[in-house]
Every structure is written in structure tokens, then in C-alpha cells.
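# Per-entry structural report
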Amino acid sequence: MWKVQLFKLNYDERETQAVKEVVDSGWITMGEKTRKFEERFSKEVVDNAGCVAVSSCTAALHMALLSLDLKADDEVIIPALTFIADMNVVKMVGAKVVLADCDSYDNWNISANSIKKVITPKTKAIIIVHFAGYPCEMEEIVKLCKEHNITLIEDCAHSPGARYKDKSVGTFGDYGCFSFFTNKNLSVGEGGMIISKDEEKLKTARLIRSHGMDALTLDRHKGRAITYDVKIPGLNFRIDEMRSALGLVQLDKLKEANESRKKLVERYIQNLKDCKNIKIPFLHLKNIESVYHIFPILLAEKLDRIKVIESLKQDRIQSSIHYPAFKDFTAFKDIGLNEAPIAEDISKRELTLPLYPTMSLAEVDLVCESLKKAIGDKK
């Protein structure tokens, strides 16, 4: 149907072979492939921080919050512009959500300044998101969290390999949480990673991941354990060996894939920089290395986003929205969320264009031509 779709898998025969090897081995639940995936992710992506592979980034975020033993009147600050997972995990642990607005129309991330405005004595944790693969300005955020004794959780779903001041995202906070969902820079279908440089936090994460048990099925299979103790209450947040095997192949491709994304985004910017009816965010950030997860733009107020999407669709160009405002969802429209005017405005006008590492520059040009026609900027 699509001439240029929003995302395509960066897969070849190597992924197929990796899964086949796992199936042929006869061991498909969490095991040695997972251990190797954790080790390589630690070394190659997150500056040797400890890693615990899990079933999703949502699971990683949930685990981080579960470790804090939050109460009903405790507050957790999250970005007003983010995926619903950040809201859901806070609600699932029974805490109160407080929204931090985007820093500006140029920088859609939250910042120390936007966080300061909503900190209260009840604030126990902050979840930051490195939106679209662009790192937040972490130095001031870390300083703020230390001043107020607030747990800092980095949602790195968009940003494996991104760096701020030559330090990996995910390593600034108490926890870093990564996504390996189908459309992410490192894709295994479903999967995630929770990371920390604190060994006690990692021990707790490993227990929460597998029912609170101190010995895994693999330990008993290998004869390393006969039975097990349950140290703390836990859940099943395990990844499996097929996905870990896919993760190992995707790690081989990650650096080159992120470099390809950068070239594609540069071509988009070159083509669209003079368009009067859109704004491109994140153009002037300093001290960062992005991994260009998505290419979001902001449509002029006069434009009807649905009509723009339909026009692109007529040219068989797929597009998307990142993200609807929380207040637009049935579950959260009446819970008394605080205002976040910049994020709410962006949610009404944002449009995401296709971006994936195997995309060609010619396909970028095709998307840009279609967009210019849709927004009335075509000469």
C-alpha cells in the first residue's frame, strides 16, 4: 500500500539464522543469549553500566518505580509530551502523576527549568524522556534531583547510543530504561533493558524480573540450584532467548544504523529548512549526540493536520503523531492533570515523517515533495 512507510525493519538473514540457532538449541527461555546480550549492551551502549534484560521498556519503568515503594500521595513527574507508558506505570504503582512541560518550541524535551516549576515536597521521582533520540540537558537535571533527593529515571526508549557531553544516556539517573520494540533503533519485536550503576538496584531488578526468585530456571537446568527462595514480591518481566539473539544481531548493526538515520535527517532538514508552514525542533542543541529515532515536525497553526496526513496518504506516504495529549484519552481526561501549554499545543500540531536506516535519500526527497504540496509550500 505504502510507497514510503513510516518504519521498516533493518533485518536480513542474520536475524533469521540467530532465531533458528536458538530454536535448534532446545532452550528458548531466558538463558545464555540473554546474559551475552546484557554484557554487550553494557559494554557497547551504556558505558559499562549494569544491565538487566526485560520484556519491554514499560516493564523496566514499572520495575524502577516498584523499587521505590511509592505511596498514594507521592508524586512522580513525567513529560507532558511522551508515550502513554510513562503515565501508565505511575498510575499502576498508585502514585500521582505531575506533568512537566516541554522546555520550548525549539527543544521538546523537559528541562531543569520546566521540572522546577512542578516540584513539590511530595515529589519522589522524575521520569525524563530523551525525545526522538535527542538527549535532555542532563547536567542541570541531575543537580536538581540531588538537591531535592529525588530519584531520577531515564526513559531511553528513543535513544540507544545517544550521548550528552560524551556520556551515555541512561547512565545519569538512578535507572535507565530502554526499548527494543519493533519500531525502535534496536528492534527485537518486544523487549527492553533496565540499567544502573548501583549493584543493589540491579539485584532488586533481577529479583523483580522473575517473581522475586533467587534462582532461575536455567540455574536449575544447569545443576547450579535445586530449589529457590522468593526474596521479595516480583512479577514475570523476563525476555526470552529468541529476542536476546535478535538483540545481539541488532547490536552489530546499531552504530551504522544510527549513522544512516543521521544522514537521512540531515537530508530532511536540507529539503525543509526554508518551508514557512512548518518548524523543525532540536536544531540548536549543544553537547549532544542524537540517534535520530523519529523525525518530528510542527505544523503551522493554520494547517489542518488531518488534511495534511490525508494528502500524504494519497501519495502513499505514511505519517504518524508523537504523541496525543494525555487529556485526550478517556482514562485520563478527568483525573485533574496540571496544565502544560507548550506540550499540549505540540500534541495538536506535531507530525512524524518516515525514518528508518534502510531508507534512501531519494525516498526522503519523495516525502518532502509530498509534504510541501500538502502544506502549501511547494514552489
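Scroll up to find the structure.
Anyway, here's the lowdown on the structure attached to this text. Everything numeric in this text was worked out from a predicted model, so none of it was measured. (Residues numbered from 1 in each chain as written. Predicted model: local features only at pLDDT ≥ 70, side-chain atom pairs only at ≥ 80, totals over all residues. Heavy atoms only, no water.)

### Quick notes on the pairing of strand S2 (residues 75-79)
Within S2, five of the five residues are buried, leaving the element largely enclosed by the surrounding structure. Side-chain alternation along S2 places Glu75, Ile77 and Pro79 on one buried face and Val76 and Ile78 on a second face that is also buried. As defined by bridge partners, S2 adjoins strand S3 (residues 96-100) across five bridges and the pair is classed as parallel. Among the inter-strand pairings, glutamate 75 is bridged to a residue of S3, identified as lysine 96. Once you follow S2 into helix H4 (residues 84-92) and on to S3, the crossover reads as right-handed. (Buried < 20%, exposed > 50% of the residue type's maximum accessible area, 1.4 Å probe, protein only. Helix = DSSP H or I, 4+ residues; strand = E, 2+ residues; numbered from the N terminus. Pairing = 2+ DSSP bridges. Right-handed = clockwise from strand over helix to strand, strands pointing away.)

### Considerations on the sheet that holds strand S6 (residues 163-164)
Sheet architecture is open: three strands sit in the order S7-S6-S11, paired in antiparallel fashion. At either end of the open sheet lies a strand with only one pairing partner, and these are strand S7 (167-168) and strand S11 (288-289). Sheet analysis places S6 next to S7, joined by two bridges and oriented antiparallel. Looking at S7, one finds that arginine 163 is bridged to serine 168.

### Some remarks on helix H3 (residues 57-66)
The buried fraction of H3 is high, at eight of ten residues. Where H3 is concerned, the buried positions are Cys57, Ala59, Ala60, Leu61, His62, Met63, Ala64 and Leu65. The N-cap of H3, judged by a side-chain oxygen 3.4 Å from the amide nitrogen of threonine 58 a few residues on, is serine 56. (Polar contact = N/O pair within 3.5 Å; in protein donor to acceptor, adjacent residues only side chain to side chain.)

### Here's the deal with the pattern of salt bridges
What the rule picks out here adds up to 26 salt bridges. In this structure, arginine 35 engages glutamate 32 in a salt bridge whose closest nitrogen and oxygen atoms are separated by 2.6 Å. With a gap of three residues between them, arginine 35 and glutamate 32 both fall in helix H2 (residues 32-44), about one helical turn apart. Of the charged contacts in the structure, one is a salt bridge between glutamate 339 and lysine 327, with a shortest N-O distance of 2.9 Å. With glutamate 339 in the loop between helix H10 (305-314) and helix H11 (341-349) and lysine 327 in the loop between H10 and H11, the pair connects residues that are twelve residues apart, well separated along the chain. Judged by relative accessible area, which is 56%, glutamate 339 ranks as exposed. Each of Asp12, Arg14, Glu15 and Lys253 takes part in a single network of salt bridges with overlapping partners. (Salt bridge = Lys/Arg side-chain N within 4 Å of Asp/Glu carboxyl O.)

### Some thoughts on the nonpolar core
Counting 79 residues, the largest nonpolar core has Ile194, Leu272, Leu353 and Leu371 as its most contacted members. Here this core takes seven residues from H3, the largest share from any one element. (Core = buried A, V, L, I, M, F, W, Y, C linked by side-chain atoms within 4.5 Å.)

### Re the side chain of serine 290
Relative to the helices and strands, serine 290 resides in the loop between S11 and strand S12 (295-299). Looking at serine 290, its side chain comes within polar contact range of the main-chain oxygen of glycine 133, at 3.0 Å. Within the structure, serine 290 has its side chain in polar contact with the backbone nitrogen of tyrosine 292 (distance 3.0 Å). Setting aside anything within four residues of it in sequence, one finds serine 290 in contact with Ala132, Gly133, Tyr134 and Pro135. (Contact = heavy atoms within 4.5 Å.)

### A few points about the sheet that holds strand S9 (residues 192-196)
Judged by pairing direction, the sheet is mixed, and its seven strands sit side by side in the order S1-S9-S8-S5-S4-S2-S3 without closing on themselves. With one partner strand each, in any of the chains shown, strand S1 (50-54) and S3 form the two edges of the open sheet. Each adjacent strand pair in this sheet contributes to an overall mean axis angle of 20°, direction not counted. The pairing of strand S5 (residues 151-155) with strand S8 (residues 175-179) spans three bridges and is parallel. When the bridges of S8 are listed, isoleucine 153 appears paired with tyrosine 175. Relative to the sheet, helix H6 (residues 138-148) contacts strand S4 (123-129) and S5, its axis offset from that of S5 by approximately 150°. (Axes fitted to C-alpha atoms, helices over the stretch in contact; angles between N-to-C directions.)

### Things to note about a negative patch on the surface
Among the surface-exposed residues, Asp103, Glu137, Glu140 and Glu147 lie close enough to one another that they form a single negatively charged patch. As for its position among the elements, glutamate 137 is in the loop between S4 and H6. A residue is classified by how much of its surface remains accessible, and glutamate 137, at 38% relative accessible area, is partly exposed. (Patch = residues over 30% accessible without salt bridge, like charges linked within 9 Å, V, L, I, M, F, W, Y side chains within 5 Å. Areas by Shrake-Rupley, 256 points an atom, 1.4 Å probe, with all protein chains shown as cover. Lys, Arg positive; Asp, Glu negative; His and termini not counted. Charge placed at Lys NZ, Arg CZ, Asp CG, Glu CD.)

### A look at the packing of aromatic side chains
Going through the model one piece at a time under the given rule, you end up with 13 aromatic pairs. Where phenylalanine 41 meets phenylalanine 180, the ring centres are 5.5 Å apart and the plane angle is 70°; that geometry is what we call edge-to-face. Taken as a pair, phenylalanine 41 in helix H2 and phenylalanine 180 in the loop between S8 and S9 lie far apart in primary sequence, 139 residues in all. Across this residue pair, the class does not change: phenylalanine 41 and phenylalanine 180 are buried. When the centroid spacing of 5.7 Å and the interplanar angle of 80° are considered together, the rings of tyrosine 134 and tyrosine 292 count as edge-to-face. Taken together, the residues tyrosine 134 in the loop between S4 and H6 and tyrosine 292 in the loop between S11 and S12 connect sequence positions 158 residues apart. As far as burial versus exposure is concerned, tyrosine 134 and tyrosine 292 are alike and both buried. Ring pairs connect the aromatic residues Phe83, Trp108, Phe131, Tyr134, Phe282, Tyr292 and Tyr323, which therefore count as one cluster. We note lysine 167 situated over the ring of phenylalanine 172; from NZ or CZ to the ring centre the distance is 4.6 Å. (Phe/Tyr/Trp six-rings, centres within 6.5 Å; stacked < 30°, edge-to-face > 60°. Lys NZ or Arg CZ within 6 Å of the ring centre and 35° of its normal.)

### Examining unusual backbone geometry
A cis geometry characterises the amide bond from histidine 322 onward to tyrosine 323, with omega recorded as 5°. Along the chain, tyrosine 323 falls in the loop between H10 and H11. The backbone phi angle of asparagine 149 is positive, close to 55°, even though this residue is not glycine. The topology assignment puts asparagine 149 in the loop between H6 and S5. At tyrosine 292, a residue that is not glycine, the phi angle is positive and equals roughly 55°. Its relative accessible area of 15% is what places tyrosine 292 among the buried residues.

Don't take any of this as a statement about function, it's just geometry.
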